Amino acid sequence: WAAHVHQGPPAASSPLALSIRSADECMAASAGKGSQDAATYYSGPLQLIRIDDDGKCHLEENAACILNQIQGRIAVVGVAGLYRTGKSFLLNRLLGLQEGFEIGPSVNPCTKGLWIWGQPVQLAPDYHCILIDTEGLGSTQRTASCDMQIFSLCILLSSYFIYNSMGAIDEQAIDDLHLVLHLAKHIHVKTKKGQEAERASELSQYFPNLLWVLRDFHLRLADSKGATITEREYLEDSLKPLPGQDEKNKLREVIKDLFKERDCVTIVRPVAEESDLRNIQRLPYESLRPQFRTQVEAFVRKVYMSLKPKKIEGAFVSGTMFVNLASEYCKAMNNSVVPTIQSAWTSVVQHQLRLCLKDAVQIYRARMNDTAMQHLPMSEDKLREFHKAAKGEALKVFLAPKFEANDPKFREYRAELASRIKQLQDHVKVENVSTSTRQCERFATELFSRKIENKLSVRGSYQNFEQLLQDWDQLRKSYLEQTAGPAQTDVLASWIFPRMTESVQKLWEDFRGTHEERHTSMQRKLAETEARSTNVRDSLDNERSKQSDGLEVAKRQWLAERIDMERQVEDAKRMLEESTLRASREKAQLVDSERTLREQMKILHERLASGAETRRGAAEGSGLGSAGGHADLQILRDSMATMMAEVRGMGMEKKQLEMKAEHEKQLIGLERKFQRQLMDARRKNEGLIESLRQTYEDEVDGLKTFRSELIARNKDLEKELERARGEAQVLRERVSSADSERALQKRFVENAQRQSELVTSLLERVPGRGGTDLQPLREELGALTAGASDSASRAAGGGLRGPA
């Protein structure tokens, strides 16, 4: 509140800021918006109640429009007092303004009727303060009756009443409050019918706290002994009875009885000059006397610290209720009826209860539309949660004014709210059941057609009952995941379970036919396999015999070739040995011949050397022996030629010997190659024989394994056939049990019908109890019989619901 005291109304940038418009704009804006939208206020004074010249009170629409927008609690500060005493200035300081409510310099009152400030002071997010300025009392332009109306309305509407007067509390000041004496006559708590007037103390619980503001106060606060006292103590001392003044004492007692909570504030004169006092609203606040400003700020703090929300009968008053309360008081005064607080409050409560009922029902309907109706179907638990949440919000709106729980009207409207919510809930439940039924039947049909019916139509799609049950389990899971609502279980029992039984029966028939065909086919294949096995065995025996004969022939041929090749090898070895011997002899001869030739060559060389020397000697001595020398040289040449021919012949023989040695090496290589080929052929024949033997044994083992598998498969098929027969027998027993149960329910219904007929017949025979007296009983018995028949029909239509 300090921000409002020192800085005025909330700024536009404040989180709790309120938009400011003209009064006409506020009416136009609020006419088209809901109660949940941001409030639109008017920063200026607005007339709340206008009192015309005939004394009729009129509630102004602009102010009512502003007040109707206020949500939550309100505190109402009302100011009253003699005219031209500065009441409006005090309210302006409560607003933190120098110019707010009109302040005039003349003797005529500036304020006519009751006015409010168009922008409430926000004390908390759900707590506002309304300031009421009243027309000055004691004006020559108004009658005493009009003053009484203004004074009564201000007190009745306020939760904190400020009485403004000039100077000290003396006998004149007490006498100026003579209107308080008539409050008990002009305001009643209850409607009185020929009873005495109420005591003032009975009104005190409905009256606001009193703050008496003494303006232009210049006295020192002290008691009779001169000790300093507080302002509150000064007020209490002034209200003490004085001897010999019964009328004044009576007024003092009424003030104390009506205003149990009271306090006092003293304020000095704001300025010294009379001219400044007449135009005080134009003076800067800082130019006023410091003591005055200090006391005014203390007054503002005291007011805001003492504020409490307005309550009647323990219930907080909202903006709308405040408007209705003011309207009721105006109607009572206009009809010349004494305002009755409880009657006016009852009317306000009824009007507020009607609004709360309407808002609560709208809230419930809107929440259920948003959360439930737009998302049907859903489970009953979820729908119950949404209903509980919507009902909680509706009750929160309905209980927001916090009326007395034991009030009969409150209980009546709360019962009406419960009835309306129950109707809406029943409607949502019916829609949920209908939507759930359509959805469940649609999904059940689609899932059955896609997952099971299509596969059942193709024979052999299912190999066993486990696969069918797995598909049904997947269908059930998909159905439960894709569907919701109360019809989920009913459709599952009445639609899906019978088709499950039919599918099992059909699959059983398919399995039986398939197993018979497969059994016949397996027996035929077994016979064919045994025949083929026999043929293969005979063929293998023949092949093995042929291979054995061929191997024997190949073995004999190989042995013959081996013997022949061994003989050839022996011959080759013998020839090789002979060739080696011959080569050795020839080699020795060649060596001897070579040695002989070398010796001969040596001799020839020697002879040639001696002949040359001789020729040189002869040449030197004479030329006689030249012919003999030539003859010897020729002989020598011939000998050399002969020797060279012999040497060449020996080279040829040596070359032939080398060729023979090379031939023998090739023969040895051929022998080794033959040995290797012989060993390879032997290993190859042995591997071929081993491979043929292994192939034969594998074929025999494979045929034996295949025969064992055929026998085991035949046994498995027989076991499956037996198990399928057992399952079919269990299903037949369930069908029989369901038929028995339906028959039992049918007999029960027939017995119930017979009993009802006997009871009706017996009652008709009772003397004096026939005719129309028995009609309600007949209708009730007929309803019970019809209900039992419907239950039996549902049980019959459910098929195998229980056993399944």
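Thresholds, definitions, all that
- Residues numbered from 1 in each chain as written.
- Predicted model: local features only at pLDDT ≥ 70, side-chain atom pairs only at ≥ 80, totals over all residues.
- Heavy atoms only, no water.
- Helix = DSSP H or I, 4+ residues; strand = E, 2+ residues; numbered from the N terminus.
- Buried < 20%, exposed > 50% of the residue type's maximum accessible area, 1.4 Å probe, protein only.
- Contact = heavy atoms within 4.5 Å.
- Areas by Shrake-Rupley, 256 points an atom, 1.4 Å probe, with all protein chains shown as cover.
- Axes fitted to C-alpha atoms, helices over the stretch in contact; angles between N-to-C directions.
- Parallel < 35°, antiparallel > 145°, perpendicular 65-115°, else oblique.
- Left-handed = near helix turned anticlockwise from the far one by under 90°.
- Pairing = 2+ DSSP bridges.
- Salt bridge = Lys/Arg side-chain N within 4 Å of Asp/Glu carboxyl O.
- Core = buried A, V, L, I, M, F, W, Y, C linked by side-chain atoms within 4.5 Å.
- Expected span 1.5 Å × (residues − 1).
- Arc of directions from axis to C-beta.
- Disulfide = S-S within 2.5 Å.
- Nonpolar A, V, L, I, M, F, W, Y, C, P; charged D, E, K, R; others polar.
- Phe/Tyr/Trp six-rings, centres within 6.5 Å; stacked < 30°, edge-to-face > 60°.
- Lys NZ or Arg CZ within 6 Å of the ring centre and 35° of its normal.
- pLDDT = per-residue confidence, 0-100.

## Side note on the overall build of the protein
When helices and strands are counted, the protein shows 20 helices and 13 strands. Taken across its 804 residues, the protein has 37% of its residues classed as buried. In the protein, the share of contacts with a sequence separation of at least 24, taken over all contacts with a separation of at least 6, comes to 74%. Within the structure as shown, the protein displays about 46,300 Å² of accessible surface, and the carbon and sulfur contribution to it stands at 51%.

## Thoughts on the packing of helix 16 (residues 408–457) against helix 17 (residues 465–482)
Relative orientation and spacing of two packed helices are given, respectively, by the angle between their axes and the distance between those axes. Two elements in contact, helix 16 and helix 17, have axes whose closest approach is 10 Å; the angle formed by their N-to-C orientations is 155°. Taken as axis vectors, helix 16 and helix 17 run roughly antiparallel relative to one another. Between helix 16 and helix 17 the crossing geometry is right-handed. Residue-level inspection shows Q439, C440, F443, A444, L447, F448, K451, I452 and K455 of helix 16 in contact with helix 17, the latter providing L468, D471, W472, L475, S478, Y479 and Q482.

## As for the environment of E412
By secondary structure assignment, the location of E412 is in helix 16. Sequence separation between E412 and L353 is 59 residues, and the spatial gap between their C-alpha atoms is 9.7 Å.

## Focus: the pairing of strand 3 (residues 45–51)
Of all the seven residues making up strand 3, five are buried; the element is thus mostly covered by neighbouring parts of the structure. Summarising the sheet, strand 3 and strand 4 (residues 57–59) pair through three bridges and their orientation is antiparallel. When the bridges of strand 4 are listed, I49 appears paired with L59. Counting the residues that bridge the hairpin from strand 3 to strand 4 gives five residues, and of these G55 lies at a positive phi of roughly 85°.

## Describing the pattern of salt bridges
Scanning the model with the defined rule gives 25 salt bridges in all. Close ionic contact of D263 with K302 constitutes a salt bridge, the shortest N to O distance being 3.1 Å. You can see D263 sitting in strand 11 (residues 262–266) and its partner K302 sitting in helix 12 (residues 290–306), a full 39 residues away along the chain. In this structure D263 comes out as buried when scored by relative accessible area, which is 11%.

## Some words on the nonpolar core
With 91 residues, the main nonpolar core has I49, F151 and W345 as its most contacted residues. The greatest single-element share of this core, amounting to 10 residues, is contributed by helix 14 (residues 341–371). In contact with I49, other than residues within four places in its own chain, are C57, H58, L59, K112, G113, L114, L153, L157, A326 and C330.

## A few points about helix 17
In a regular helix each residue adds 1.5 Å, so 18 residues correspond to 26 Å; helix 17 covers 25 Å between its end C-alpha atoms and thus fits that length. Every buried residue belonging to helix 17 is among F465, L468, D471, W472, L475, S478 and Y479, and all of these are buried. Angular distribution of buried residues about the axis of helix 17 spans 150°; they occupy a single face of the element.

## Remarks on the state of the cysteines
Inspection of the entire model under this criterion finds zero disulfides. With no disulfide of its own, C57 lies closest to C330 among cysteine sulfurs, the gap being 4.8 Å.

## Quick word on the packing of helix 3 (residues 61–68) against helix 13 (residues 319–334)
For the pair helix 3 and helix 13, interaxial distance at closest approach is 7 Å and the crossing angle is 150°. Along the contact surface, helix 3 presents A64, L67 and N68, while helix 13 presents G319, T320, F322 and V323. Of the residues that constitute the contact of helix 3 with helix 13, the class distribution is four nonpolar, three polar and no charged.

## Here we look at the pairing of strand 8 (residues 127–134)
Burial analysis of strand 8 places eight of its eight residues in the buried class, the great majority of the element. Of the two faces of strand 8, the one holding Y127, C129, L131 and D133 and the one holding H128, I130, I132 and T134 are both buried throughout. Bridge analysis of strand 5 (residues 73–81) against strand 8 gives seven bridges, and the strand direction is parallel. Note on strand 8: the bridge partner recorded for V79 is D133.

## Focus on the packing of aromatic side chains
In the structure shown here, the tally under the stated rule is nine aromatic pairs. Pairing F151 with F161 gives two aromatic rings, centres 5.7 Å apart and planes at 85°, and the pair type is edge-to-face. Here F151, found in helix 5 (residues 144–157), pairs with F161, found in strand 9 (residues 160–166); they are 10 residues apart in sequence, far enough to count as distant. Here F151 falls in the buried class, since its relative accessible area comes to 1%. Positioned above the aromatic ring of Y127, the side-chain terminus of R73 is 4.6 Å from the ring centre. For the cation-ring pair, R73 lies above F316, with the distance from its terminal atom to the ring centre recorded as 5.9 Å.

## Considerations on the confidence of the model for the protein
Low-confidence regions, as indicated by low pLDDT, have predicted coordinates that should not be scrutinised in detail. Residues of the protein with pLDDT of at least 70 account for 81%, and the chain-wide mean is 78. In this model, residues 29–36 is a region of pLDDT below 50 whose contacts with residues beyond four sequence positions or in other chains number nine contacts. With pLDDT under 50 throughout, residues 795–804 is counted as low confidence; its partners more than four residues away or in other chains account for 19 contacts.

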